[in-house]
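# Structure at a glance
If you want the building blocks of each chain, they are given just below.
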Amino acid sequence: MRVPLCTEQELLGFMRENAYKPMTYQELEKHFGIEDAAEFKDFLKLLTELEQEGKIMRTRTERYGVPERMNLLRGRLQAHPKGFAFLLPDEPDHPDLYIHANDLKGAMNGDIVLGRVTSKSEGGSRLEGEVVRIVKRAVTQIVGVFENHESYGFVIPDDKRINKDLFIRSENFHGAVTGQKVVANIIHYPEGRSAAEGEIIEILGHKDDPGVDILSIIRKHGLPEGFPEEVMAEAEAIPDSITEEEIVRQGRRDLRGKTIVTIDGEDAKDLDDAVNVERLPNGNLLLGVHIADVGYYVREKSKLDEEAYNRGCSVYLVDRVIPMLPHRLSNGICSLNPQVDRLTLSCEMEFEPQTMRRVRYDIFTSVIKTKERMTYTNVRKILVDEDPELMERYAPLVETFRTMRELAMALRQRRMRRGAIDFDFQESKVIVDSEGKPVDIVKRERSIAEQIIEEFMLAANETVAEHFHWLKVPFVYRVHEEPSSEKLLTFIQFAANFGYAVKGKGNSVHPQALQTLLEEIRGTKEETVLSTMMLRSMKQAKYDAQSLGHFGLAAEFYTHFTSPIRRYPDLVIHRIIREVLENGGMLPEERMEALGARMPDIAQQSSERERIAVDAERDTEKLKKAEFMLDKIGEEFDGIISGVTGFGMFVELENTVEGLIRLSDMSDDYYHFHELHMALIGERTSKVYRIGDEVRIRVARVNMDEYAIDFELVDMKPRRANKVKFLDARGGGFGAGGGRGKRKRRGEVVAFGRSEREGAGRGEAGPAEGARRGGKSRKRAGKAGRGEERGAARGLAPAPGGRRGGEAAAGAGGGKGRGRRGDGREQAEPPAVFGGGDIIGEGRTRPIKATLAREGGPANKDSADYIPDPVPRGQGVTLDMWGLPVSAAGRRSRYDDDEAERGGRRNEKVGRRPAGDGKKRAGNGQAAAASGSKKRTGGKQSPAATASPAGAEAAKPSKRKKTKK
C-alpha cells in the first residue's frame, strides 16, 4: 500500500505551529514536496475532507488554516432543555463555550459545530459565543409522541434537549395517529425561528402499550437492535470449538492444568475473564488473569469489526442487553464456560506478600479450561457465611478462595496507601416481569467476591498499560484527568464549612488527600454530601491514545484490557498485544504509523458510544423506577436529601428511587439556595436543608413523560403560621394583600401570594378593603390599592379607612396572618419581607448576598460563602443558620447599630433625616412619612394619622422587632 507523503496528522501539526501563516493549496503542495499527479489528487482530497469536517478552514483568499488559529472553536454541541447550549471544544484544555438560544443558528444537540467567542469573563474562564457553522449533524431521526392536527401534525420529541417539535405535513403521516410513539426522519433542519420538518418512518405503537417505552429509548439513542446479515454470516462461519493443531500452531502456553475459575453474576452469560491464584515456593503470590482472546476471532476491518466499532460497547438496559458482538461469539466460543477449552490472553503477576510489590509479570497468549463457573453470591457465602453445603460442594476450591481474599485485600490496601479514591455509592437493579412491568427494586451488593474480581482486574489493567506504554506502540488508554483547579477549590471551600481541611500544593491536590477525607467522614452525617460533591468536582473518565494517568485510581498507567466481549477498546488492544507478541515485541514502522493514525479516532468513538450507553441505561432505569412508584402516590417514606438546587431538593429513598421536592411546595417558609453550602435556608425560621439530611416525604406526583417523581415533605405547615409583624416602609401596618405582586424598594423585597396579586389588581384588598368597610368611598379605596407602590416611593402611608380598616392593618402587622379580599373570601398568608437576595417562589432563587457581619464588624458584601443571621423576631429565641442560639448582645450589635449606620447612609442619599441618631427607626420612608406628609397634603394630617388608636398602635414597630432592609 502506498503511504501518502502528507498525512492528516502531519498537515494539522504543521498548521498548528506558531510560525504558520495561512497558505494556499499550491504553497502547501510545495512545502510537502508533492510532485506526482496521483499524490496531488490525494492531497486535494485530504484538504477537502478536513475542510468538510471543520478541522481546517478556508479563508476568502483561498488560504487554509486550523480554526483555533482563526479565533474559532470546533467541538460538539451539548444542548439544554431550556434552549441554550454549550460547545465542548475538541481541544482538551479549552473551557466550554456558552451559547444563547438565539445564537445557535439552527444547531441541535450533538452537532459538530464551529463557534466564535464573543465575550469573556474577567479571568477568561467563562466564555460566551455563537455558532458560525454546522459541520456535521448528529440528529437525523427524532423519536416522540405524534399529534395529528388534520392538515398537519407534530412529533413531540422524547429528548427534551430538542426543545422544538418536529413539523409533519399530512402526506408524511404514513398512518400515524395521535398518541402513538413514532420515529421520524428530519427532512429540513430548523432555520431561524422555524421548526424542523420531517416524515414518519416507523410507528412503534401507542405510548401506553407494553414494551413501547423501552423501545422508544432504544430508538431515541440510536441503539441498534439486530445485526446485519453479513455480520451474522461472518459470526456463523467461526468454529464453535478449538483443535489441538490450532493451539500448537499458534504457540500458545497451555494452562489447562491450572485451577482457574470464573466469578460473575448469576445472570451473566458472556464470561470474558477468569482468574487463578497460587502460593509459590518462595512465599510470593502469583496472580493469573485470563481474558478471552476475542481479537483472534474478530479480525481487523472485517464486518464484525466494523459493527463492533460502530456500537462501541454492549448496552445493559433494565430488561435486555444490546450486545456489541453476536451471541454466537459472546455467549459461545468467546465465553469462558466451564470444562471447555478456550483461547485467551493471559497476564501473570508475582507479588511479595509483605509489600505487595510486583516483582515479575508476563503477558502471553494461552489456552485454558476453567474448573468452575462461580457466582458472587456463592463465593461470598463460602468466605463470609462459611455455608457448610457450599463448602462441601466446592471443597477443592475453598483454600483457593481464601488465598484470593488475602491477595485482593492486600492489593486494595496498597492502592489505598498510594491514594486511590474509593467511592462506595449504592447501586440498584430493577426487577421486571415478563411484560416489562417493574415488580421490585433490589440493591446491588458489593461483597468480598466483587472486591476480589475488581482488584484483580485493576492489577492486570495497570500492568498491561505500563508494559505497552514503555514499548511505545500505539495503544488505547483509559484516562482520568485531574479536576480543574476552579472546581477543586470550590469543593475544598465546601468541605471547610464542615470543618474538614483538604491539603494541597499550589492549585493541585493529590488523590490521597481526597481519599483521606473520605475515610475521615465515613459513618458521619456529612458523608453523603461530601462524597457527592467530591465526585461532581471531578472530570469524566474517557479513552485516549495518550497515557495521561488515572487520577481517581492514583495510577500512572491504566487501560481497559479485561472485557473485549463488551468494550471495543479492549478488543483493539487485544489485537495489538497479539500482533506485538507475534512480531517479537515490536511492530514494523509502517504498521506503527497506520495504527497511530487510527488510535485517536478509536478512542474518541469509544468514549462517545460509552456516554450514549450510560445515558440509555440511566433513562431506562429512571423510567422503570417512575413506573414502580406510580401506585405508591400518597404513601410516606423516609429518605435522605441527595441534592440541593435553586429550584428544590432531591430526596433518595431506601430503594434508591429519587424524587424532587419543589421549592414552591415548601410552604412553611421562603427558602434561599446557598450554592457554596449547597443548602436551602429558611428566611424566617432559619431552617436548613442540606445533602445528607434525613427527611420524611410523601409521594405527590409521577410524570411518566419525563420519568420524574415529585415528593412533598410530611407535616409541611403553611406560611401563614408566621408570627412576624410585616411592616410597611411608611411606618403603618398594611393589610396582607395590598400592593403589587412583587416590589423591590432599596434592598427590600416584598413577596405576595396569588390572592394578594388578584386583590391588588382590583384595588379591593388590604387598606382598600379597610376603607370600604369603614364607610369610605369605593373609588378612593381603589386608588389607594392601585397607587400603593407609587405611595411607597414617596413615603406615603396607605389609607386604612375607618376602625375596621385599622383593625385589618393591625391584623396584618400584628401576626394574625389573615386579611380579607374584596370578594369576601379569606386570603392567603401575609407577605414576607427580607433584606438582600431575590424572592423565592415557583422554583426560582438567587443566593443571598451577605449584608451583615455574623459576629459584628464590617460585612464582606462580596463574599459568596457568607450568610447573614436571621432577623431577630419577637420574644423567641433566634437561631443562626446552623441552629445555634444568638445572644441578645449579639443581636443588638449586629442589627441595631449596623442597621442605623446603613440606614443613615441610605437616607442621606435621598435627602432624608438620618435614622442613626438613636431614635426608633421603622423603615426607609417612615421619617419622610412623618415629617413630609404635611407638605404633600396641604398641611392636613396624613391618612395614617386618622386611623383608630388601636390600629395605629398595633401598626407601630417595636424596638425589639426591627425589620432588616
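Residues numbered from 1 in each chain as written. Predicted model: local features only at pLDDT ≥ 70, side-chain atom pairs only at ≥ 80, totals over all residues. Heavy atoms only, no water.

Along the backbone of the protein chain there are 26 helices and 36 strands. Put simply, of all contacts in the protein chain between residues at least 6 apart along the chain, 66% involve residues at least 24 apart. Put simply, the protein chain shows about 46300 Å² of open surface, and 47% of that area lies on carbon and sulfur atoms. (Helix = DSSP H or I, 4+ residues; strand = E, 2+ residues; numbered from the N terminus. Contact = heavy atoms within 4.5 Å. Areas by Shrake-Rupley, 256 points an atom, 1.4 Å probe, with all protein chains shown as cover.)

Here we take up the nonpolar core. Core analysis: the biggest nonpolar cluster contains 90 residues, and Leu287, Phe401 and Phe456 have the highest contact counts within it. With 11 residues, the top contributor of residues to this core is helix H13 (residues 448-471). Not counting residues within four places of it along the chain, the set of residues in contact with leucine 287 comprises Asn276, Val277, Cys347, Glu348, Met349, Phe351, Leu407, Leu411, Phe456 and Ala459. (Core = buried A, V, L, I, M, F, W, Y, C linked by side-chain atoms within 4.5 Å. Buried < 20%, exposed > 50% of the residue type's maximum accessible area, 1.4 Å probe, protein only.)

Let us look at the sheet that holds strand S11 (residues 180-188). Sheet architecture is closed into a barrel: 5 strands sit in the order S8-S9-S10-S12-S11, paired in mixed fashion. Sheet twist, expressed as the mean angle between neighbouring strand axes with direction ignored, is 50°. Pairing analysis gives 5 bridges linking strand S8 (residues 141-148) to strand S9 (residues 152-157), with the strands arranged antiparallel. In the sheet register, asparagine 148 faces S9, and the bridge partner there is glycine 153. Sheet contacts for helix H4 (residues 212-220): S8, S11 and strand S12 (197-206); angle to S12, the most-contacted strand, approximately 150°. (Pairing = 2+ DSSP bridges. Axes fitted to C-alpha atoms, helices over the stretch in contact; angles between N-to-C directions.)

Before going further, it helps to examine the packing of helix H15 (residues 511-521) against helix H16 (residues 527-536). Geometrically, a packed helix pair is captured by the angle between its two axes and the distance between the axes. Where H15 meets H16, the closest approach of the two axes is 9 Å, and the angle between their N-to-C directions is 160°. The angle between the axes of H15 and H16 places the two elements in the roughly antiparallel class. Considering only the axes of H15 and H16, their crossing is left-handed. Of the residues in H16, those touching H15 at Leu514, Leu517, Leu518 and Ile521 are Glu527, Leu530, Ser531 and Met534. Split by residue class, the contact of H15 with H16 holds 6 nonpolar, 1 polar and 1 charged. (Parallel < 35°, antiparallel > 145°, perpendicular 65-115°, else oblique. Left-handed = near helix turned anticlockwise from the far one by under 90°. Nonpolar A, V, L, I, M, F, W, Y, C, P; charged D, E, K, R; others polar.)

We now examine H16. Taken as a whole, H16 has its buried residues at Val529, Leu530, Ser531, Thr532, Met533 and Met534. Buried residues along H16 sit against helix H14 (485-496), H15 and strand S26 (636-645).

On to the environment of arginine 74. With respect to the secondary-structure elements, arginine 74 resides in strand S3 (residues 72-79). Separated by 18 residues in sequence, arginine 74 and isoleucine 56 place their C-alpha atoms 9.5 Å apart.

It is worth spelling out the pairing of strand S27 (residues 648-653) at this point. Note: S26 against S27, 6 bridges, orientation antiparallel. The residue of S27 that forms the bridge with isoleucine 641 is valine 651. Counting the residues in the hairpin turn of S26 and S27 gives 2 residues. Linking S27 back to strand S28 (residues 658-662) in an antiparallel pair, the connection comprises 4 residues, with threonine 656 at a positive phi of about 75°.

Within the structure shown, the criterion is met by 14 aromatic pairs. When the centroid spacing of 5.8 Å and the interplanar angle of 70° are considered together, the rings of phenylalanine 154 and phenylalanine 167 count as edge-to-face. You can see phenylalanine 154 sitting in strand S9 and its partner phenylalanine 167 sitting in strand S10 (residues 166-169), a full 13 residues away along the chain. Judged by relative accessible area, phenylalanine 154 falls into the partly exposed class, the value being 24%. (Phe/Tyr/Trp six-rings, centres within 6.5 Å; stacked < 30°, edge-to-face > 60°.)

With that out of the way, let us pick up the confidence of the model for the protein chain. Mean pLDDT over the protein chain: 74, with 72% of residues reaching 70 or higher. This stretch, residues 720-876, has a pLDDT under 50; its non-local contacts, to residues over four places away or in other chains, come to 318 contacts. Note on residues 880-965: pLDDT under 50 across the span, and 148 contacts to partners over four residues away in sequence or across chains. (pLDDT = per-residue confidence, 0-100.)

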